[in-house]
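Letter by letter, the chains look like this.
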Amino acid sequence: MSHASTIEAILDAVAGTAPEIREGLVGRREYVEGENPSGEDQLAADVHADRLLEERLLAIDGVDSYASEEREAVVGADDETADGGDGDSSGELSVAVDPLDGSSNLKPNNAMGTIVAVYDAPLPAQGQDLVAAIYVLLGPITTMVAAVDGQATEYVVDDGDRHTVRENITLPGDPTVYGFGGRVPDWTEGFTEYARGIESDTSLKLRYGGAMIGDVNQVMTYGGVFAYPALESAPEGKLRLQFEGNPMAYIVESAGGKSSDGERSLLDVEPDGLHDRVPVHLGNADLIDRLETTIDGGE
Ligand code: F6P
Ligand code: MG
């Protein structure tokens, strides 16, 4: 199977699974025992979405391995022992998934969804090895944004089918929104200085919903900047490189925006481990350039 047809099959599988994930949220708002590998409590809904996506994505010819925020190790297509995609399956793709991004929004019934990164390399992989990235936003309606070959497309998902609504998305050139995570007193001096500059720009207003895909989708729609920065108490920030930072950076960069860990594109960050965290800044190119300059001068 060519990469192009494997990627199409992944897009179909992700769209096809979205209604089941949405329906599965009902009755799965309670926590299960144990934590995910990042030390966060898991909801029954996180575990359910992870199992569905593992089954659907590993069933695709050309997908060799599956990793997720909700499990410690990579799972191989042929057995439960992962080879990270580098066994005898050369030429096949690896998927890294955040099954329910923003799942703490389930309790107050706010937006959340799924992120899927498709790497042409064993995991953990660098962002430069991405060949596609997808997010599904479970808002009042279900939408999906996929970046393939440097082009981002938005779909509405209806009954598991995807219908194109916006092709070749580019970030609006007159940005209007920003959203920054982390406790304000915990921000670094450099990021605080940057945030103060953004706040004093009268064309920008605060929009923060607590689910990265919801917040980044606002940036994709209105233009602006999203960040979950490095914190004094957590220099690597909160978000995970393989499952969150890389795929969202690939999508924003495909739409003509930029990403940064504070110094470089997220796609240039070398991974050490599967569950590495990274400071995430995404948005219009001039706002990310300004961030890098300010942080550089402020630390
Ligand atoms: O996956 C982690 C996540 O839920 C992101 O979707 C979101 O941006 C962030 O955590 C929210 O964190 P906080 O609750 O600290 O604002
Ligand atoms: Mg997440």
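Structure: see above.
Positions within a chain are numbered from 1, following the residues in the order the chain's sequence is written. Each chain is given a letter, starting from A, and each ligand a number, starting from 1, according to the order in which they appear as written. The predicted origin of the model limits local features to residues at a pLDDT of at least 70 and limits the giving and counting of side-chain atom pairs to 80 or more, whereas totals for whole chains, interfaces and linings rest on all residues. Neither water nor hydrogens contribute to the side-chain values; these are computed over all heavy atoms in the structure.

Undergrad: Even after reading the chapter, I still don't get a negative patch on the surface, so can you show me in this structure?
TA: Like charges are joined within 9 Å and nonpolar side chains (Val, Leu, Ile, Met, Phe, Trp, Tyr) within 5 Å, but only among residues with over 30% relative accessible area and no salt bridge; these make up the patches. Every accessible area reported is derived by Shrake-Rupley at a probe size of 1.4 Å, with residue values counting cover from the shown protein chains alone. The working definition used for a salt bridge is a side-chain nitrogen of Lys or Arg within 4 Å of a carboxyl oxygen of Asp or Glu. In this tally Asp and Glu are treated as negative and Lys and Arg as positive; neither His nor the chain ends contributes. In this description, the location of a charge corresponds to atom NZ of lysine, CZ of arginine, CG of aspartate or CD of glutamate. A cluster of like negative charges, contributed by Glu23, Asp158, Asp159 and Asp161, occupies part of the molecular surface. Helix and strand assignments follow DSSP, with helices taken as H or I runs no shorter than four residues and strands as E runs no shorter than two, numbered in order from the N terminus. Inspection of the secondary structure puts aspartate 158 in strand S9 (residues 151-158). Partly exposed residues are those whose accessible area sits between 20% and 50% of the maximum for their type, while under 20% is buried and over 50% is exposed, using a 1.4 Å probe and protein chains only. Exposure remark for aspartate 158: the relative accessible area of 48% places this residue in the partly exposed category.

Undergrad: Explain the nonpolar core to me, please; I cannot follow it from the model alone.
TA: The nonpolar side chains of a soluble globular protein tend to be buried with one another. The biggest cluster of nonpolar side chains holds 57 residues, and the ones touching the most others in it are Phe180, Met220, Phe226, Met248 and Leu282. The domain boundaries here were taken from an automatic or database domain assignment. If you count residues domain by domain, this core takes at least three from each of domain 1 (3-166) and domain 2 (177-298). Any two residues whose heavy atoms approach within 4.5 Å at even a single point are treated as in contact. Other than its neighbours up to four places away in sequence, leucine 282 contacts Val216, Gly224, Val225, Phe226, Met248, Ala249, Val252, Lys258, Ser259, Leu266 and Ile288. With 38 residues, the next largest nonpolar core counts Leu43, Val97, Leu100 and Ala132 among its residues. Residues belong to one nonpolar core when they are buried, are Ala, Val, Leu, Ile, Met, Phe, Trp, Tyr or Cys, and are joined through side-chain atoms within 4.5 Å.

Undergrad: Honestly, the pairing of strand S3 (residues 63-68) in this entry has me stumped. Any pointers?
TA: Along any regular strand the residues' side chains alternate between the sheet's two faces. The buried fraction of S3 is high, at six of six residues. Here S3 runs beside strand S5 (residues 93-101); their pairing, made up of five bridges, is parallel. Looking at S5, one finds that valine 63 is bridged to leucine 93. By the convention used here, strands pair only if DSSP detects at least 2 bridges between them. Alignment of S3 against strand S4 (residues 75-76), held across two bridges, turns out to be antiparallel. Its bridge partner lying in S4, serine 65 is registered against glycine 76. In this structure, the hairpin formed by S3 and S4 is closed by a connection of six residues.

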